[in-house]
Amino acid sequence: MVNETLTPAQPAAKTPPAPGRADHRPVQWIIAPDLVPYPEALAAMRARAAAIAAGNAEEAVWLVEHPPLYTAGTSARAGDLLVPDRFPVFDAGRGGQYTYHGPGQRIAYLMLDLRERGRDVRALVFGIEEWVIRTLAAFNIHGERRAGRVGVWVQRPDKGLEREDKIAAIGVRVSRWVSFHGISLNVSPDLSHYAGIVPCGIADQGVTSFEDLGQLVSMAEVDGALKAAFQSVFGPVVRSDGPLVPEAASPLMSERETAGAKP
C-alpha cells in the first residue's frame, strides 16, 4: 500500500510529467444531485478505489456537496479545532489538517489508477493543482501554488501587504496505487463557518471563494470549467449517471471493512 501525505511542488523544481494515461481511456465523470453525507461519501470512495485496484471498475471523478461539517486529516492538531460543537467532525484518513465542507463548495473526489499514470505521486499533486488553477483562470481568477502550503491561493492586496487567501484545499490518499479524496473548491459557501477551525493549520492567512472575489457563478458553470480543465490535464472523461459504487464493488468494500482497512 502507498499512503502519502501530499505536498505542493516546489516552484524551483522541474515540472513533473503530465499524469495522463497512455491509452487515453476516459475517466467516468459523476455528479451527485443532492447533498451527500460524509460517512456515505467516505465508504463509497473506499469501495470504488478497491474496485479500481482489483480491475473491476473504471477511474472516476465524483462531484459532490456536503452538509456543513469539519474533517480532520492525519496531521490535524487538536488545538486547531476551535469550536468542537459547531458542526460534526469526521476523521478523513487523508493527508493534511482540519478543513470545512458545506453547501456552496464543490468537492471533487478523484479515484485515479496511478499504475496507468506513471506511478508518480508528485505528478498527481502537481496535476491536481494545475487542474484547479486552470479552472479558476476560466473566471479570470489567478490561482497560485505556494511552497510549504498545500492548496491553491489567491493574492489579496486589498486585505494588506503579502496577504493571501486559500480558495481550494487539496487532500489526497493513495492506496494500492489508486487515489481517493481530492479537492474542495469554494464557490459560494458561508465563509464564516471556517471560524470554528484553523483551516489547514494556517492561522496567518484567510479563505476566499468565487463569491467573495465578486464572481457570482452557478455550480453548473464551475462544473463545466472543472471538466474542461480536467481533460486538458488528465485526459478525456465520459459522463456517467450511474452510482459511484458498482454492484461488483460491494463485496470488496465489506471485505476491507471487516479486515479493518483504513481509507
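I will try to describe carefully the structure that is included in this document.

Quick notes on the rules
Residues numbered from 1 in each chain as written. Predicted model: local features only at pLDDT ≥ 70, side-chain atom pairs only at ≥ 80, totals over all residues. Heavy atoms only, no water. Helix = DSSP H or I, 4+ residues; strand = E, 2+ residues; numbered from the N terminus. Areas by Shrake-Rupley, 256 points an atom, 1.4 Å probe, with all protein chains shown as cover. Core = buried A, V, L, I, M, F, W, Y, C linked by side-chain atoms within 4.5 Å. Buried < 20%, exposed > 50% of the residue type's maximum accessible area, 1.4 Å probe, protein only. Contact = heavy atoms within 4.5 Å. Salt bridge = Lys/Arg side-chain N within 4 Å of Asp/Glu carboxyl O. Axes fitted to C-alpha atoms, helices over the stretch in contact; angles between N-to-C directions. Parallel < 35°, antiparallel > 145°, perpendicular 65-115°, else oblique. Left-handed = near helix turned anticlockwise from the far one by under 90°. Nonpolar A, V, L, I, M, F, W, Y, C, P; charged D, E, K, R; others polar. Expected span 1.5 Å × (residues − 1). Pairing = 2+ DSSP bridges. Polar contact = N/O pair within 3.5 Å; in protein donor to acceptor, adjacent residues only side chain to side chain. Phe/Tyr/Trp six-rings, centres within 6.5 Å; stacked < 30°, edge-to-face > 60°.

### Some words on the overall build of the protein
(1) Moving on: When helices and strands are tallied, the protein shows four helices and twelve strands.
(2) Moving on: About 11300 Å² of surface is accessible on the protein, with carbon and sulfur atoms providing 52% of the total.

### Concerning the nonpolar core
(1) Moving on: Counting 38 residues, the largest nonpolar core has Trp131, Ile167, Leu185, Phe210 and Phe230 as its most contacted members.
(2) Moving on: When residues of this core are traced back to their parent elements, those giving at least two are strand S1 (27-31), strand S2 (60-64), strand S6 (105-111), helix H2 (121-137), strand S8 (149-155), strand S9 (164-175), strand S10 (178-186) and helix H3 (219-233).
(3) Moving on: The contacts of leucine 185, once residues within four sequence positions are left out, are Gly104, Gln105, Arg106, Val132, Thr135, Leu136, Ile167, Ala168, Phe210, Val222 and Leu226.
(4) Moving on: Within the second largest apolar cluster, 24 residues are counted, among which are Tyr38, Met45, Ala53 and Met111.

### Thoughts on the pattern of salt bridges
Should their charged atoms come close, side chains of opposite charge can pair.
(1) Moving on: The final tally for this structure, using the stated rule, is 19 salt bridges.
(2) Moving on: Aspartate 212 is paired through a salt bridge with arginine 156; the nearest N and O atoms lie 3.0 Å apart. With a gap of 56 residues between them, aspartate 212 in the loop between strand S11 (206-207) and H3 and arginine 156 in the loop between S8 and S9 connect regions that are remote in the sequence.
(3) Moving on: The exposure class of arginine 156 is buried, given its relative accessible area of 7%.
(4) Moving on: Taken together, the shared-partner salt bridges in this structure form one network comprising Arg21, Asp23, Glu59, Glu116 and Arg117.

### Some details on the packing of H2 against H3
(1) Moving on: Remark: H2 packs on H3, axes separated minimally by 8 Å, with the N-to-C direction vectors making an angle of 135°. Regarding the angle of H2 to H3, the classification is oblique. Considering how the two elements wind past one another, H2 and H3 form a crossing that is right-handed. On H3, the residues that touch Gly127, Glu130, Trp131, Arg134 and Thr135 of H2 are Val222, Ala225, Leu226, Ala229, Phe230, Ser232 and Val233.
(2) Moving on: Residue composition of the contact of H2 with H3, grouped by class: seven nonpolar, three polar and two charged.

### Brief notes about helix H1 (residues 38-53)
(1) Moving on: Given a rise of 1.5 Å per residue, 16 residues ought to cover 22 Å, and the 22 Å separating the end C-alpha atoms of H1 matches this to within 8%.
(2) Moving on: The buried count for H1 comes to 13 of 16 residues, which makes it a mostly enclosed element.

### Notes on the environment of glycine 196
(1) Moving on: Looking at the element boundaries, glycine 196 is found in the loop between S10 and S11.
(2) Moving on: Put simply, glycine 196 and valine 83 are 113 residues apart on the chain and 4.7 Å apart in space, counted from C-alpha to C-alpha.
(3) Moving on: Setting aside anything within four residues of it in sequence, one finds glycine 196 in contact with Tyr70, Asp80, Leu81, Leu82, Val83 and Arg86.

### Here we look at the sheet that holds strand S5 (residues 98-101)
(1) Moving on: Spatial ordering of the open sheet is given by S4-S3-S5, a layout of three strands whose pairing is mixed. Two strands bound the open sheet, and with one partner strand each, they are strand S4 (89-91) and S5. Averaged over all adjacent pairs, the angle separating strand axes in this sheet is 30°, with direction ignored.
(2) Moving on: Strand direction decides the pairing type here: strand S3 (residues 69-72) and S4, joined by three bridges, are parallel. When the sheet's bridge partners are listed, tyrosine 70 is paired in S4 with valine 89.
(3) Moving on: Across the sheet, H1 is in contact with S3, S4 and S5; its angle to S4 comes to roughly 15°.

### With respect to the environment of glutamate 59
(1) Moving on: Within the secondary structure, glutamate 59 sits in the loop between H1 and S2.
(2) Moving on: Through-space distance from the C-alpha of glutamate 59 to that of valine 27 is 5.1 Å; in sequence the pair is 32 residues apart.
(3) Moving on: When neighbours within four sequence positions are excluded, glutamate 59 is seen to be in contact with Arg21, Val27, Gln28, Arg48, Ile52, Met111, Leu112, Asp113 and Arg117.
(4) Moving on: Side-chain polar atoms of glutamate 59 contact the side chain of arginine 21, separated by 3.2 Å.

### Considering the packing of aromatic side chains
How two aromatic rings sit relative to each other is given by the distance of their centres and the angle of their planes.
(1) Moving on: Summed over all chains, the structure comprises eleven aromatic pairs.
(2) Moving on: Considering the side-chain rings of phenylalanine 87 and tyrosine 100, the 6.0 Å spacing of their centres and the 40° angle between planes classify their relative orientation as tilted. Of this pair, phenylalanine 87 sits in the loop between S3 and S4 while tyrosine 100 sits in strand S5, placing them 13 residues apart in sequence. Neither residue differs from the other here; phenylalanine 87 and tyrosine 100 are each classed as buried.
(3) Moving on: Pairing tryptophan 131 with phenylalanine 230 gives two aromatic rings, centres 5.2 Å apart and planes at 75°, and the pair type is edge-to-face. Taken together, the positions of tryptophan 131 in helix H2 and phenylalanine 230 in helix H3 put the pair 99 residues apart, joining distant regions of the chain.

### Some words on the pairing of S9
(1) Moving on: The buried count for S9 comes to twelve of twelve residues, which makes it a mostly enclosed element.
(2) Moving on: Relative to S9, S8 is paired through four bridges, and the arrangement is antiparallel. Following the sheet pairing, valine 154 is matched in S9 by aspartate 165.
(3) Moving on: Bridging between S9 and S11 involves two bridges; their strand directions are parallel. Across the sheet, aspartate 165 pairs through a bridge with glycine 206, a residue of S11.
(4) Moving on: As paired strands, S9 and S10 are joined by eight bridges and run antiparallel to one another.

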